Amino acid sequence: MNMHARNLANQYKQTGAASAALDASPHQLIAIMLSTARERIRLALACLERGDVPRKAHAITDACAIIGGLNSSLNLEAGGEIADGLSALYDYCQRRLLEANLNNDASPLREIDDILGDIEGAWRQIAPKD
């Protein structure tokens with residue numbers, strides 16, 4: 001695929017993601033954020049394996065930003081212990097991702113992908129019935 005076609009494909013993909021987010025319920029938005037954070041982590045793993053350090057760093061930065069957004073969306077007053085636990089878990093995830101980035105270490109990336117996968121699975125199970 002030539003560079004122009006790749007750029008157009010990326011723009012289309014971003015537009016599609018933005019469109020999905022605009023039409024999403026608050027519950028669906030969290031699911032999208034979790035899924036996207038995991039995609040960024042898996043991209044970072046792939047980049048690390050092929051030695052693309054700048055792209056790996058960018059993918060980890062994206063994942064950290066998404067996790068920060070998830071953390072800031074928590075309602076700590078209404079959510080009680082569950083929200084407190086998720087906040088601590090999100091903080092941990094961000095610290096581990098920073099370690100992975102600094103040390104070019106794949107194991108924290110895999111660990112955080114697993115953690116976010118567990119959260120994503122649980123989140124999808126409590127989806128409101130439309």
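Scroll up to find the structure.
All values derive from a computational prediction rather than experimental measurement.

Student: Which residues make up helix α4 (residues 76-103), and what are the values?
Tutor: Note on helix geometry: an α-helix contains 3.6 residues per turn, so any two residues three or four positions apart are oriented the same way. Its 28 residues place the ends of α4 only 33 Å apart at the C-alpha level, less than the 40 Å of an ideal helix rising 1.5 Å per residue. A bend of about 75° at Ile-82 is the largest found in α4. All buried positions along α4 are accounted for by Ala-83, Ser-87, Tyr-90, Cys-93, Arg-96, Leu-97 and Ala-100. Buried positions along α4 lie against α2 (26-50), α3 (53-72) and α5 (106-125). Its side-chain oxygen at 3.2 Å from the backbone nitrogen of Glu-77, Asn-75 defines the N-terminal cap of α4.

Student: Explain the nonpolar core residue by residue, including any values.
Tutor: Counting 27 residues, the largest nonpolar core has Ile-67, Tyr-90, Leu-97, Leu-109, Ile-112 and Leu-116 as the members making the most contacts within it. When residues of this core are traced back to their parent elements, those giving at least two are α2, α3, α4 and α5. The element best represented in this core is α2, accounting for nine residues. Other than its neighbours up to four places away in sequence, Leu-109 contacts Ile-41, Ala-44, Leu-45, Leu-48, Ile-60, Leu-97 and Ala-100.

Student: Describe the side chain of Glu-120, and please don't skip the residues or the numbers.
Tutor: Mapped onto the elements of the fold, Glu-120 is located in helix α5. For Glu-120, a relative accessible area of 9% gives the class buried.

Student: If you had to explain the pattern of salt bridges to someone new, which residues and values would you point to?
Tutor: Pairing between side chains of opposite charge can happen when their charged atoms approach one another. One pass over the structure, following the stated rule, counts seven salt bridges. Close ionic contact of Arg-38 with Glu-120 constitutes a salt bridge, the shortest N to O distance being 2.9 Å. Within this pair, whereas Arg-38 is found in helix α2, its partner Glu-120 is found in helix α5, the two being separated by 82 residues in sequence. Each member of the pair, Arg-38 as well as Glu-120, carries the same accessibility label: buried. Arg-96 is the salt-bridge partner of Glu-99, the closest N and O atoms lying 2.6 Å from each other. In this pair, Glu-99 and Arg-96 both sit in helix α4, three residues apart, roughly one turn of the helix. Among the residues examined, Arg-96 registers a relative accessible area of 19% and is labelled buried.

Here is what the cut-offs are and how they apply
Residues numbered from 1 in each chain as written. Predicted model: local features only at pLDDT ≥ 70, side-chain atom pairs only at ≥ 80, totals over all residues. Heavy atoms only, no water. Helix = DSSP H or I, 4+ residues; strand = E, 2+ residues; numbered from the N terminus. Expected span 1.5 Å × (residues − 1). Bend = angle between axes of the 7 residues up to and from the residue. Buried < 20%, exposed > 50% of the residue type's maximum accessible area, 1.4 Å probe, protein only. Contact = heavy atoms within 4.5 Å. Polar contact = N/O pair within 3.5 Å; in protein donor to acceptor, adjacent residues only side chain to side chain. Core = buried A, V, L, I, M, F, W, Y, C linked by side-chain atoms within 4.5 Å. Salt bridge = Lys/Arg side-chain N within 4 Å of Asp/Glu carboxyl O.

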